[in-house]
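Notes for the structure review
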Amino acid sequence: MQKMLIAIDPGWSGAIAFSYDNKVFVERMPQSAFGIFVALKNMQEMADGEMMPVEWMLEKVHAMPRDGKVSAWSFAENVGIIKGVLAGLLLNDDRIEKMQVDPRSWQNKIPNLPSSKFEKTGDKKEDEKAARKKKQERKNFLRDFAQEKYPHLSVNLKNGDALCMLWTMTQP
């Protein structure tokens, strides 16, 4: 039986990728609570109209130590909005916990993904610079991987993770 797959990269600069009727789509994360509600509700209604089950994947994320207070708060707020919308659509908190996937879990399914490890120098600024460089290298790789898998889409750094998450949902 065919099912709809929906992958959510929950940051404000994230995206929602979904497959429906053997086609893949991606949209930028809506910038309001109502927009998020409408986007996810429309996807659920498309699947319901076809009596198609939906498999959701929500990236399980947390604030990073280098995030500022406002940035961390905004990020957490967006994750909370998404969880609230999903709770309303699914009417089941347990399913939300089960659909959350740690980034390393889905990233480990991406072949040849560069390591995030780097040799520490002991110089805090240099180490932070090296960490940012590694992170950017991985983000670029994920973007390019998603573009290769979905050449009909315009893949960028904001939607690449969601598309990679979606791809991993199709893998054994």
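Look above for the structure.
Just so we're clear, the structure is a prediction, and the values are computed from it rather than from any experiment.

1. Considerations on the sheet that holds strand β2 (residues 15-20)
Read across the open sheet, the five strands follow the order β3-β2-β1-β4-β5; overall the sheet is mixed. Each end of this open sheet is capped by a strand with a single partner; those strands are β3 (23-28) and β5 (100-101). Bridge analysis of strand β1 (residues 4-9) against β2 gives five bridges, and the strand direction is antiparallel. By the bridge assignment for β2, L5 is matched with S19. Where helix α6 (residues 160-169) meets the sheet, it contacts β1, β2, β3 and β4 (54-59), and its direction lies at approximately 145° from that of β1.

2. Points about α6
With ten of ten residues buried, α6 lies mostly within the body of the structure. Taken together, the buried positions of α6 are occupied by G160, D161, A162, L163, C164, M165, L166, W167, T168 and M169. Looking at the buried residues of α6, the elements they touch are β1, β2, β3, β4, α4 (103-107) and α5 (124-149).

3. What to know about the pattern of salt bridges
Evaluated as defined, the whole model comprises six salt bridges. As a salt-bridge pair, R143 and D144 come within 3.0 Å of each other at their nearest N and O atoms.

4. Side note on the side chain of Q107
One can find Q107 in helix α4. A residue is classified by how much of its surface remains accessible, and Q107, at 15% relative accessible area, is buried. Setting aside its immediate chain neighbours within four residues, Q107 contacts L113, R138 and L142.

The rules behind these values
Residues numbered from 1 in each chain as written. Predicted model: local features only at pLDDT ≥ 70, side-chain atom pairs only at ≥ 80, totals over all residues. Heavy atoms only, no water. Pairing = 2+ DSSP bridges. Helix = DSSP H or I, 4+ residues; strand = E, 2+ residues; numbered from the N terminus. Contact = heavy atoms within 4.5 Å. Axes fitted to C-alpha atoms, helices over the stretch in contact; angles between N-to-C directions. Buried < 20%, exposed > 50% of the residue type's maximum accessible area, 1.4 Å probe, protein only. Salt bridge = Lys/Arg side-chain N within 4 Å of Asp/Glu carboxyl O.

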